[in-house]
Amino acid sequence: MSSTAIVNIATLVTNDPSLGDTSPLGQLRDAAVVIDGDRIVWTGGSSEAPATDDRVDAGGRAVVPGFVDSHSHLVFAGDRTDEFNARMSGRPYGAGGIRTTVAATRAASDAELEANLTRLLTEALRQGTTTIETKSGYGLTPEDEARALRLAARHTDEVTYLGAHIVAPEYADDPAGYVDLVTGTMLDACAPHARWIDVFCERGAFDGDQARAVLTAGRARGLHPRVHANQLTHGPGVRLAVELDAASADHCTHLTDADVDALAAGRTVATLLPGAEFSTRAAWPDARRLLDAGVTVALSTDCNPGSSFTSSVPFCIALAVRDMGMTPDEALWSATAGGAAALRRTDVGRIAPGARADLVLLDAPSHVHLAYRPGVPLVAGVWRRGVRAF
């Protein structure tokens with residue numbers, strides 16, 4: 001184990017108000033941070049940094065916590081370029097396109113699936129993502145769902161069982177039978193490999209009663225709920241998520257006042273996924289409405305081959321500022337501390353003593369440049385678990 005001081009930081013975002021200014025970002029100017037092993041052990045003024053084994057000069061650039069992407073779908077095969085092209089030419093998005101990826105994923109070997117998974121994880125890491133959740137959901141058989149989770153668990157602790165993504169094609173005329181499979185044999189095969197259980201509670205996927213059955217069965221097996229909620233239409237997903245104390249309700253595009261009130265009163269995080277709206281030309285979630293109501297908001301990529309094929313959290317930050325009513329400070333907090341809250345983690349999403357040493361060095365003096373300079377590769381360095389990855 002060795003210690004490293006990163007000094008001469010123009011702006012250090014800690015996400016701990018007690019360490020810097022009194023804002024939620026807890027910013028420090030002309031700052032330094034010290035890593036010992038895989039943990040943060042000190043933050044403060046650059047001139048006051050203690051002696052360490054190694055020293056890195058940030059050169060007057062900003063350092064922010066590693067991004068926490070709490071919603072992605074990375075275990076898949078195939079390509080849906082034709083679907084995207086058609087949609088951009090006027091065809092609306094529906095849940096049915098998932099079946100294309102299901103067929104390709106079932107036909108792929110484990111080696112092919114893992115190679116694609118690791119490629120996307122590396123791509124995300126290069127853009128500053130140091131913690132990532134990913135789901136199954138493109139196998140829809142007990143064997144294929146279990147292997148997706150097994151492959152994912154080799155690369156991240158945040159693994160989600162999403163057998164209830166859509167009704168499997170062979171059960172098209174028997175959705176109740178498919179729910180029985182998801183809550184029975186498939187759950188038995190998948191529970192040992194996952195931390196979370198998710199359901200796509202939406203028109204064309206699963207209704208409120210079916211979603212409740214899936215989530216309660218998973219919870220009985222020790223999996224904590226997450227919900228794809230209110231993406232395409234108004235529906236019961238958000239309030240079901242709050243009722244079951246789900247860690248997050250994801251999408252939250254179509255909300256009633258009752259939905260917003262429920263989120264504000266509970267612990268469930270509203271995870272917004274602007275890549276999906278960008279890629280489907282759908283209405284943007286109203287982040288401002290949620291934030292003003294006191295809801296905890298996370299910001300994630302929803303990286304998947306159909307409706308949001310981006311692994312870039314900085315891109316999603318820029319979208320959230322431009323089109324969802326968030327300030328640059330709020331968007332960064334939501335992509336770091338907010339994502340950690342959506343995973344019920346306190347060891348990531350912040351730069352404070354005791355936290356995991358996940359940091360991003362930006363080629364800019366301030367995190368505001370993430371929205372100010374959209375599309376520009378601003379990530380100049382990434383530390384994950386105290387080791388510099390890039």
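Residues numbered from 1 in each chain as written. Predicted model: local features only at pLDDT ≥ 70, side-chain atom pairs only at ≥ 80, totals over all residues. Heavy atoms only, no water.

For the structure on display, the rule yields five aromatic pairs. Here the aromatic rings of Phe278 and Phe315 are separated by 5.1 Å at their centres, their planes lie at 90°, and the arrangement is edge-to-face. Note that Phe278 is positioned in helix α10 (residues 274–280) and Phe315 in helix α12 (residues 313–323), a separation of 37 residues in sequence. Taking relative accessible area as the criterion, Phe315 reaches 25% and is therefore assigned partly exposed. One aromatic cluster is present, built from ring pairs that chain together Phe76, Tyr138 and Phe309. Its end group placed over the ring of Trp196, Arg226 keeps NZ or CZ at 4.4 Å from the ring centre. (Phe/Tyr/Trp six-rings, centres within 6.5 Å; stacked < 30°, edge-to-face > 60°. Helix = DSSP H or I, 4+ residues; strand = E, 2+ residues; numbered from the N terminus. Buried < 20%, exposed > 50% of the residue type's maximum accessible area, 1.4 Å probe, protein only. Lys NZ or Arg CZ within 6 Å of the ring centre and 35° of its normal.)

Turning next to unusual backbone geometry. Positive phi values are uncommon outside glycine, yet His251 reaches one of about 100°. Mapped onto the elements, His251 comes out in strand β11 (residues 248–251). Phi at Asp302 is positive, roughly 60°, even though this residue is not glycine. Secondary-structure assignment places Asp302 in the loop between β13 (297–299) and α12. The exposure class assigned to Asp302 is buried, which follows from its relative accessible area of 2%.

Two side chains carrying opposite charge are able to pair once their charged atoms lie near each other. With the rule as written, the count across this model stands at 25 salt bridges. For Glu83, the salt bridge is made with Arg80, and the minimal N-O distance between the two is 2.8 Å. This pair shows no difference in class: Glu83 is buried, exactly as Arg80 is. With its nearest N and O atoms 2.7 Å apart, the salt bridge here joins Asp245 to Arg267. Note that Asp245 is positioned in the loop between α8 (237–243) and β11 and Arg267 in the loop between α9 (257–265) and β12 (269–272), a separation of 22 residues in sequence. By relative accessible area, which is 55% here, Arg267 ends up exposed. Linked through salt bridges whose partners overlap, the residues forming this network are Glu158, Arg195, Arg345 and Asp347. (Salt bridge = Lys/Arg side-chain N within 4 Å of Asp/Glu carboxyl O.)

Turning our attention to the pairing of β11. Every other side chain in a regular strand lies on the same face of the sheet, so the side chains alternate between the two faces. Pairing geometry for strand β10 (residues 227–229) and β11, over three bridges, is parallel. Along β11, the bridge assignment pairs Ala229 with His251. For the handedness criterion, the β-α-β arrangement of β10, α8 and β11 is classed as right-handed. As defined by bridge partners, β11 adjoins β12 across three bridges and the pair is classed as parallel. Within β12, the position partnered with Ala249 by the bridge is Ala270. Between the parallel pair β11 and β12, the chain is carried across by α9, and the sense of this crossover is right-handed. (Pairing = 2+ DSSP bridges. Right-handed = clockwise from strand over helix to strand, strands pointing away.)

This brings us to the environment of Val33. Summarising the element assignment, Val33 is placed in strand β2 (residues 27–36). Remark: the alpha-carbon pair of Val33 and Leu12, spanning 21 residues in sequence, is separated by 8.3 Å. Apart from residues lying up to four places away in sequence, Val33 is in contact with Thr4, Ala5, Ile6, Ile9, Leu12, Ile40, Trp42, Thr43, Ile351 and Leu359. (Contact = heavy atoms within 4.5 Å.)

The next subject is the confidence of the model for the protein. Mean pLDDT over the protein: 97, with 99% of residues reaching 70 or higher. Predicted confidence in the protein is weakest over helix α1 (residues 81–88), with a mean pLDDT of 89, and strongest over strand β5 (residues 67–69), with 99. (pLDDT = per-residue confidence, 0-100.)

Here β2 lies mainly inside the structure; seven of its ten residues are buried. As judged from the eight bridges shared by strand β1 (residues 3–13) and β2, these two strands associate in the antiparallel manner. Paired with Val13 across the two strands is Gln27, which belongs to β2. Counted between consecutive antiparallel strands, the loop separating β2 from strand β3 (residues 39–45) contains two residues, among which Gly37 sits at a positive phi close to 65°.

Right, let's get into helix α3 (residues 110–126). Along its 17 residues, α3 runs 24 Å from first to last C-alpha, staying within 8% of the 24 Å computed at 1.5 Å per residue. Of all the residues in α3, the buried ones are Leu113, Glu114, Asn116, Leu117, Leu120, Leu121, Ala124 and Leu125. Contacts made by the buried residues of α3 are with α2 (98–107), β6 (129–135), α4 (142–153) and β15 (379–384). Backbone geometry just downstream of α3 places Gly128 in the positive-phi region, at approximately 100°. (Expected span 1.5 Å × (residues − 1).)

Judged by nonpolar contacts, the single largest core of 83 residues is most densely connected at Tyr161, Tyr178, Leu290 and Ile317. In this structure Ile317 touches Phe67, Leu299, Ala331, Leu332, Ala335 and Leu370, once residues within four positions along its chain are discounted. With 16 residues, the next largest nonpolar core counts Ile6, Leu28, Ile35 and Val56 among its residues. (Core = buried A, V, L, I, M, F, W, Y, C linked by side-chain atoms within 4.5 Å.)

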